[in-house]
Amino acid sequence: MNFIFVYCWIVVVCVLIMKNIIKILTLFLFCTVFKAQQTEVSVVKYEDIEKRIQQEKDKLLVVNFWSTTCGPCVKELPHFMEVNSFLKIK
C-alpha cells in the first residue's frame, strides 16, 4: 500500500515538473521566434557628439548614456520620451 502511494506521488511530481518544463520551453521558443524590439543602434564617437553639440547651439540637446541592465536608466526613459514629445509640439 505504501509503495502505491509513493509511486503515485512520484508520478504527480513528475507531471508537475514536466508541465513547468513545457511552460519554460514554450516561453523560450516564443522569445526566440518573436524577438522583442530589435532596433538598430549606431555607434557614435565622442568627437561626433561634440560636433553635433557645436552645430546645435540654439537647441537643447540631451545626451543620455544608459543600459538595459540599469534599472534606473530604464525607468527614466519614458520620462525622456514624454519631454521629447512635449518639446516637439512647441
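Thresholds, definitions, all that
Residues numbered from 1 in each chain as written. Predicted model: local features only at pLDDT ≥ 70, side-chain atom pairs only at ≥ 80, totals over all residues. Heavy atoms only, no water. Helix = DSSP H or I, 4+ residues; strand = E, 2+ residues; numbered from the N terminus. Buried < 20%, exposed > 50% of the residue type's maximum accessible area, 1.4 Å probe, protein only. Areas by Shrake-Rupley, 256 points an atom, 1.4 Å probe, with all protein chains shown as cover. Polar contact = N/O pair within 3.5 Å; in protein donor to acceptor, adjacent residues only side chain to side chain. Salt bridge = Lys/Arg side-chain N within 4 Å of Asp/Glu carboxyl O. Disulfide = S-S within 2.5 Å.

Novice: Can you tell me about the overall build of the chain, naming the residues and giving the values?
Specialist: Along the backbone of the chain there are 3 helices and 0 strands. Ordered by position in the sequence, the α and β elements of the chain form the string α-α-α. Out of the 90 residues in the chain, the part that is buried amounts to 3%. Summing over all exposed atoms, the chain offers an accessible surface of approximately 9200 Å²; the carbon and sulfur share of this is 68%.

Novice: Which residues make up the environment of Ser67, and what values go with them?
Specialist: Residue placement: Ser67 occurs in the loop between helix H2 (46-55) and helix H3 (71-89). A relative accessible area of 29% places Ser67 in the partly exposed class. Within the local environment of Ser67, its side chain forms a polar contact with the side chain of Thr69, the two groups lying 2.8 Å apart.

Novice: How would you sum up the pattern of salt bridges? Please name residues and give values.
Specialist: Per the stated rule, a full pass over the model turns up 2 salt bridges. When the shortest N-O distance is used, the salt bridge between Glu56 and Arg52 registers 3.6 Å. Residue classification places Glu56 among the buried positions, given a relative accessible area of 16%. Between Glu56 and Lys59 there is a salt bridge, with the nearest N and O atoms lying 3.5 Å from each other. On the basis of relative accessibility, which here comes to 54%, the residue Lys59 falls in the exposed class. Taken together, the shared-partner salt bridges in this structure form one network comprising Arg52, Glu56 and Lys59.

Novice: I'd like a rundown of the state of the cysteines, residues and numbers included.
Specialist: Under the counting rule described, the total for this entry stands at 1 disulfide. Covalently, Cys70 is tied to Cys73 through a disulfide, its sulfur atoms 2.4 Å apart. With the S-S dihedral at roughly 70 degrees, the linkage between Cys70 and Cys73 falls on the right-handed side. With a relative accessible area of 13%, Cys73 lands in the buried category.

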